[in-house]
Amino acid sequence: MRLVAAISILALYPVFPVQAADNVAVGRAIAETWCQPCHASGTRQTSDVAKPLSEIATTRTRQSIAAFLADPHGEMPNIQLARQQIADVTAYMQTLKSK
């Protein structure tokens, strides 16, 4: 299942990216695959332990989220995201900020 999701995510990237712009759609796909099993997104509650993505986006800077995703620890699974994928996830998370 995750292999299919990973292939789907890769299909959203251009074939020859020189310096791809942050892609919210790709970030959302990554978050749905790796984050939403534990973190709530939107109205979907998934865990009493993990904070909702919207709360993380609202209370942390984009840079601190990116730094955390580059080196996850604690209860987080050891996911390995490329720099562009981290940029995409943080771009998506910015759309979740509480107004």
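Look up: the structure comes first, before these words.
Structural notes, computed from the coordinates. What you see is a predicted model; the values in this text were computed from it and never measured.

1. Section: the pattern of salt bridges
So, step 1. Tallied over the entire structure, the rule returns 2 salt bridges.
So, step 2. Close ionic contact of arginine 62 with aspartate 22 constitutes a salt bridge, the shortest N to O distance being 2.4 Å. Taken together, the residues arginine 62 in helix H4 (residues 62-70) and aspartate 22 in the loop between helix H1 (2-11) and helix H2 (24-35) connect sequence positions 40 residues apart.
So, step 3. With a relative accessible area of 39%, aspartate 22 lands in the partly exposed category.
So, step 4. The shortest N-O distance in the salt bridge between arginine 28 and glutamate 32 comes to 2.9 Å. You can see arginine 28 and its partner glutamate 32 sitting in helix H2, 4 residues apart, about one turn around the helix.
So, step 5. Here glutamate 32 falls in the partly exposed class, since its relative accessible area comes to 37%.

2. Re the packing of H4 against helix H5 (residues 83-94)
So, step 1. Viewed as axis vectors pointing N to C, H4 and H5 meet at an angle of 140 degrees, and their least axial separation amounts to 10 Å. By the criterion of interaxial angle, the relationship of H4 to H5 is oblique. Here H4 and H5 pass one another in a crossing that is right-handed. Within the contact between the two elements, H4 uses Arg62, Ile65, Ala66, Leu69 and Ala70 and H5 uses Ile86, Ala87, Val89, Thr90, Ala91, Met93 and Gln94.
So, step 2. The residue makeup of the contact of H4 with H5, split by class, is 9 nonpolar, 2 polar and 1 charged.

Thresholds applied
- Residues numbered from 1 in each chain as written.
- Predicted model: local features only at pLDDT ≥ 70, side-chain atom pairs only at ≥ 80, totals over all residues.
- Heavy atoms only, no water.
- Salt bridge = Lys/Arg side-chain N within 4 Å of Asp/Glu carboxyl O.
- Helix = DSSP H or I, 4+ residues; strand = E, 2+ residues; numbered from the N terminus.
- Buried < 20%, exposed > 50% of the residue type's maximum accessible area, 1.4 Å probe, protein only.
- Axes fitted to C-alpha atoms, helices over the stretch in contact; angles between N-to-C directions.
- Parallel < 35°, antiparallel > 145°, perpendicular 65-115°, else oblique.
- Left-handed = near helix turned anticlockwise from the far one by under 90°.
- Contact = heavy atoms within 4.5 Å.
- Nonpolar A, V, L, I, M, F, W, Y, C, P; charged D, E, K, R; others polar.

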